[in-house]
Amino acid sequence: MNLFNHYHTLILDIIRRLGARGELPHDLNTSHITVEPPREASHGDLATNVAMVLAKPTGKAPRAIAELVAAELRLIPSVAEVAVAGPGFINITLDANTWQQQLGIILAAGIDYGRSSLGDNTRINVEYVSANPTGPMHMGHCRGAVVGDVLANILAKAGYAVTREYYVNDAGGQVDVLARSVHMRYREALGEAIGDISEGLYPGEYLVPVGQALAKQHGDVYAAAPEADWLRLFKRAAVDAMLALIKADLALLGIHHDLFSSEQAVQDAGRVNDMLAALNTRGLVYTGVLDAPRGHADDTWEQRPLLLFRASQFGDDSDRPLKKASGDWTYFANDIAYHYDKASRSDALINIWGADHVGTVKRIKAAVAALTDKAMPFDIPMVQMVHLLRNGEPVKMSKRSGNFITLAEVVEEVGAGVVRFIMLTRKADSQLDFDFAKVLEQSRDNPVFYVQYAHARICSALRKAQDIDPNVAVTITVPPLETLALLNRPEEIALMRQIAEWPRVVETAAVAREPHRIAFFLSAVAGALHGHWNLGNDDPSLRFLLADNVPLTTARAVLLAAVKQVIGNGLALMGIEPLEEM
RNA sequence: GUGCCCGUAGCUCAGACGGAUAGAGCACCCGCCUUCUAAGCGGGAUGUCACAGGUUCGAAUCCUGUCGGGCACGCCA
């Protein structure tokens, strides 16, 4: 149960009651009322803007409303103190019991602490990675992969029915190029001296085994055969092999999709015609000509009649071609068909896209809006570039030789957990530096270390607590009230208050589609834990472990266990294994 | 030329749906520290939230414009 939601509900009840008694008007719009932790801890545990929001519709002074509501709030047993402050904020301080009991709730819920029904089983489709199947994953794909995966985790936790989907672009020209590259490797495997891989083809070594396998399977049947004889076959073999590579790379990061959707399959199933029919019935297709794009030297621009979609009616800057002059479908048309298909089996769509696709956001949103009569929620969080550094110096990549920094190399060097965490230390749409040296540093300014260290430190303390009192392990599963009541120091209450925000953080991250909030929250909790821990240096009575005070040691072990649970739950959402010791 | 994103402390960045005196880490200054896990801890100073208008009880947040930066932009995939 989200504590903030609980009091939000109570406040709405109060407004209704005051309405029934004639002290406030009926049927007020209460949708803008919030209950939040106040920024300033000294203001109390919860703050609500209810009085300010209702001032205008009721025609009353905010502070007058605040006093009415405050009087009612004081009647709630768990409320210790209510103060009206500033322009009309109501600050609520809860009874220490309420916070103490949160520890029991956290420990009883375990990994499910933070789960909610916010999403109400809405079928939400998260499409992410979708790298072209032409080679292994490189670092350019990494951030979107992590952001998408963690967002999917968050949404699942928040009660959505999540499908994790990968769109395989196996139908375009680049897979033809791939097949030709594989054909050269195939001839090479048959003993032919092929020299350098031709300009424009994929030179990567990872295609060598694909050629070898084809040579083994088919002998020299296709060595001198015309392309038409082998293209389809080689394409299939190459794409399958590349997908296997990609899946292996994703597995290194702990990423597993539910569904791989093939562009070719969408076409083969006739979904493009379905899409066209759907657009046609809405009168959104016509044959016309496009103006030349501005800002380019456009001597070569030819106005040709094309089949166009009226994207401009749905917020795009211009209408967009569905067919090329050649009569072939455009990539865009296939993409719409795919999205139409996704929409038919979802209640909401999310695409995680790299920043290089910003230019196409409007048109795909226009298409989805058109095909679903604007009924389909569709978010496209954009993921910015990652700059790879080593000790502050940019890592050089030689494109010429086809050497990218691969995801596998990076995971091998620093570990999957570190990669995943660092990818979430910035908002997705701002650029991110990834410094191989810094991410492994053991210091305060490395958030991965800082959070893991907090977890390991707690584990260590819990082991020692067990030595002081062998019953600790049992007590922390269902802590008795008299044990919890010993946790009444302000510093302890502050820590409880902080971890009790976890369910709210999950919901916020889900609604805002912002996984980085989890990482930031964990850093804050780790900071609070370390800070609290250090208090014990100056004041030994604040240490967690007190050999001469078994009841208090046990109680504090309960607090530690709850913090550990919350950090562990956060890391689990991020797909990171928490460390027991380090 | 057009579109999207961005502009917050010296640096790197947080700051859903408008809320109180705008925060964190680093760097800087001053102390402390050999410990319940050590890779440090405590305190201090630091802002025209790019600029100018507007909306309102209230704006870093919303709207308009200007300036500055990044990315993208043909029937490629």
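Further up the page is the structure itself.
Calculation criteria
- Residues numbered from 1 in each chain as written.
- Chains lettered and ligands numbered in written order.
- Predicted model: local features only at pLDDT ≥ 70, side-chain atom pairs only at ≥ 80, totals over all residues.
- Heavy atoms only, no water.
- Salt bridge = Lys/Arg side-chain N within 4 Å of Asp/Glu carboxyl O.
- Buried < 20%, exposed > 50% of the residue type's maximum accessible area, 1.4 Å probe, protein only.
- Helix = DSSP H or I, 4+ residues; strand = E, 2+ residues; numbered from the N terminus.
- Expected span 1.5 Å × (residues − 1).
- Contact = heavy atoms within 4.5 Å.
- Polar contact = N/O pair within 3.5 Å; in protein donor to acceptor, adjacent residues only side chain to side chain.
- Pairing = 2+ DSSP bridges.
- Axes fitted to C-alpha atoms, helices over the stretch in contact; angles between N-to-C directions.
- Phe/Tyr/Trp six-rings, centres within 6.5 Å; stacked < 30°, edge-to-face > 60°.
- Lys NZ or Arg CZ within 6 Å of the ring centre and 35° of its normal.

Participant: Quick question: what am I supposed to make of the pattern of salt bridges here?
Facilitator: Side chains carrying opposite charge are able to pair once their charged atoms draw close together. In total, this model carries 29 salt bridges according to the counting rule given. Measuring nitrogen to oxygen at the nearest pair gives 2.9 Å for the salt bridge that ties Arg-21 to Glu-23. You can call Glu-23 partly exposed: its relative accessible area is 28%. Arg-21 is the partner of Glu-72 in a salt bridge, and the nearest nitrogen-oxygen pair spans 2.9 Å. Taken together, the residues span a long stretch of sequence, with Glu-72 in helix 3 (residues 62–73) and Arg-21 in the loop between helix 1 (3–20) and strand 1 (35–36) at a distance of 51 residues. A relative accessible area of 10% places Glu-72 in the buried class. Residue classification places Arg-21 among the partly exposed residues on the basis of a relative accessible area of 44%. A network of salt bridges, in which partner residues are shared, links Glu-165, Arg-271, Asp-274, Asp-341 and Arg-345.

Participant: Is there a simple way to think about helix 4 (residues 96–109) in this case?
Facilitator: Residues separated by three or four positions in an α-helix point in the same direction, a consequence of the helix having 3.6 residues per turn. Over its 14 residues, helix 4 runs 20 Å from end to end, which matches the ideal 20 Å to within 8%, given 1.5 Å per residue. Taken as a whole, helix 4 has its buried residues at Thr-98, Trp-99, Gln-100, Gln-102, Leu-103, Gly-104, Ile-106 and Leu-107. Among the structural elements, helix 1, strand 4 (89–94), helix 17 (481–484), helix 18 (490–499) and helix 21 (550–574) are those in contact with the buried residues of helix 4. Capping of helix 4 at its N-terminal end is provided by Asp-95; its side-chain oxygen lies 2.9 Å from the backbone amide nitrogen of Asn-97. Trailing helix 4 by a residue or two, Gly-110 shows a phi angle of about 60°, which is positive.

Participant: Teacher, can you tell me more about the sheet that holds strand 7 (residues 259–262) here?
Facilitator: Within a sheet, adjacent strands bond to each other through the backbone by hydrogen bonds, running parallel or antiparallel. The five strands are arranged 7-6-5-11-13 in an open sheet whose pairing can be described as parallel. Where the open sheet ends on each side, the last strands, each with one partner, are strand 7 and strand 13 (378–379). Of the pairings in the sheet, the one linking strand 11 (residues 348–351) to strand 13 comprises two bridges and is parallel in character. Counterpart to Leu-349 in the pairing with strand 13 is Phe-378. Packing against the sheet, helix 11 (residues 331–344) makes contact with strand 5 (123–127), strand 6 (161–168), strand 7, strand 11 and strand 13, and its axis sits at approximately 160° to strand 6.

Participant: Help me understand helix 11, please; the structure alone is not making it clear to me.
Facilitator: Compared with an ideal rise of 1.5 Å per residue, which puts 14 residues at 20 Å, helix 11 spans 20 Å between its outermost C-alpha atoms and is within 8% of the ideal. Across the 14 residues of helix 11, eleven count as buried, placing the element largely inside the fold. Buried within helix 11 we find Phe-332, Ala-333, Asn-334, Asp-335, Ile-336, Ala-337, Tyr-338, His-339, Asp-341, Lys-342 and Ala-343.

Participant: Help me understand the packing of aromatic side chains in this model?
Facilitator: In total, this model carries eleven aromatic pairs according to the counting rule given. Judged by centre distance (6.0 Å) and plane angle (80°), the ring pair of Tyr-222 and Phe-234 falls under edge-to-face. Note that Tyr-222 is positioned in the loop between helix 7 (208–218) and helix 8 (227–252) and Phe-234 in helix 8, a separation of twelve residues in sequence. Ring geometry for Phe-434 against Phe-436: centres 5.6 Å apart, planes inclined by 80°, an arrangement best described as edge-to-face. Judged by its relative accessible area of 4%, Phe-436 is buried. Each member of the aromatic cluster is reached from another via a ring pair, and the members are Tyr-186, Tyr-222, Trp-230 and Phe-234. Between Lys-247 and the ring centre of Phe-260, over which it is positioned, the NZ or CZ distance is 4.2 Å. For the cation-ring pair, Arg-390 lies above Phe-436, with the distance from its terminal atom to the ring centre recorded as 4.4 Å.

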